Amino acid sequence: MLRAAFLSFTLLLAACAGRPDLEDQAQTPPLVLEEYFEGQTRAWGQFQDIFGNISRRFIVDIEGTWDGETLTLVEDFTYAAGDTEQRIWTLRKTGPTTWEGSAPGVIGVATGETNGHAFNWAYVIDLPLSDGSTIRVGFDDWMWLQDDRILFNRAYMSRWGLPVGEVFITFEKL
């Protein structure tokens, strides 16, 4: 009983934790997604659950193409355990700062917006697990351009509206 109360309290605190606000991100250099992701990018990341346990580390090689309307990102993941995955994102610019996108496993349409050096991206996805199953999670995905080569990413993950962990990724433009 005490353990369940502690878990509930921990989840409540995590749910109340502060998150970035897109209005506070009007810094330079500006993030222009179609410019940053066109060509080759490499990323290193890890998943951390709400208790701080790191359960999945990975490297992603990304090939991006921009045709003037659509940004296509071919992401080739290699996980520390040796398994691999490919995800192909198709992003469409819907306004000067807004985007919509899709990828296999994404439920509905992903939506995002840039402001200054930041991009905020939200979507629900059936995420593949190492045992071959999937888990449906929501992502509140934040990216911040540090300079012309480095982009930081912090994604808040939730399931049924409750936080389950975060993904931290560092991108490098090659």
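Before any of the text, the structure's been laid out above.
Now for a look at the structure at hand. (Residues numbered from 1 in each chain as written. Predicted model: local features only at pLDDT ≥ 70, side-chain atom pairs only at ≥ 80, totals over all residues. Heavy atoms only, no water.)

Here's the deal with the layout of surface pockets
Quick note on the threshold: Within this scheme a cavity is a closed region of a 1 Å grid, computed over the protein atoms alone, that accommodates a 1.4 Å probe without allowing it to escape, whereas a pocket is open but has protein on both sides within 12 Å along at least five of seven lines; lining residues each have an atom within 4 Å of a point. Grid points are joined across faces, edges and corners, and a volume is the space filled by probe spheres set on the points. To qualify as a helix, a DSSP run of H or I must reach at least 4 residues; to qualify as a strand, a run of E must reach at least 2; elements of each kind are numbered from the N terminus. Only Asp, Glu, Lys and Arg are considered charged in this grouping, and only Ala, Val, Leu, Ile, Met, Phe, Trp, Tyr, Cys and Pro are considered nonpolar; every other residue, Gly among them, is considered polar.
Volume-wise, the largest pocket comes out at about 700 Å³. Looking at the largest pocket, it is lined by 37 residues, and the ones nearest its centre are F77, R87, L127, F139 and V167. Counting only elements with at least two residues in the lining of the largest pocket, the list comes to β1 (39-49), β2 (54-66), β3 (70-79), β4 (84-93), β7 (118-128), β8 (134-145), β9 (150-159) and β10 (162-173). Class assignment of the residues belonging to the lining of the largest pocket gives a composition of 28 nonpolar, three polar and six charged.

A short note on the packing of aromatic side chains
A ring pair, where both rings are aromatic, is described by two values, the distance of the centres and the angle of the planes. Here is the rule: Classification of ring pairs uses Phe, Tyr and Trp, with its six-membered ring standing for Trp, and accepts pairs whose centres are within 6.5 Å; under 30 degrees between planes counts as stacked, over 60 as edge-to-face, and the remaining range as tilted. Here's how the labels work: a residue is buried when its accessible area is under 20% of the maximum for its type, exposed when over 50%, partly exposed in between, all with a 1.4 Å probe on protein chains only.
For the structure on display, the rule yields twelve aromatic pairs. Ring geometry for F58 versus Y79: centroids 5.9 Å apart, planes at 65°, classification edge-to-face. Taken together, the residues span a long stretch of sequence, with F58 in strand β2 and Y79 in strand β3 at a distance of 21 residues. On the accessibility criterion, F58 (10% relative accessible area) is buried. Owing to a relative accessible area of 10%, Y79 belongs among the buried residues under this scheme. When the ring of F77 is compared with that of Y79, the centres are 5.9 Å apart and the planes differ by 10°; the resulting orientation is stacked. Each of the two residues, F77 as well as Y79, counts as buried. Taken together, the aromatic side chains of W89, F119, W121, Y123 and F139 make up a single cluster linked through ring pairs.

Brief notes about the sheet that holds β3
Defined as follows: Pairing between strands requires that DSSP locate at least two bridges from one strand to the other. Under this scheme, a helix contributes an axis fitted over its contacting stretch, all axes are lines through C-alpha atoms, and angles between N-to-C directions fall in the 0 to 180 degree range.
Here ten strands make up a closed barrel; going around it, the order is β1-β2-β3-β4-β5-β6-β7-β8-β9-β10 and the pairing antiparallel. Taking each pair of neighbouring strands and ignoring which way they run, the sheet shows an average axis angle of 25°. Strand direction decides the pairing type here: β1 and β10, joined by nine bridges, are antiparallel. Within β10, the residue paired with T41 across the bridge is K173.

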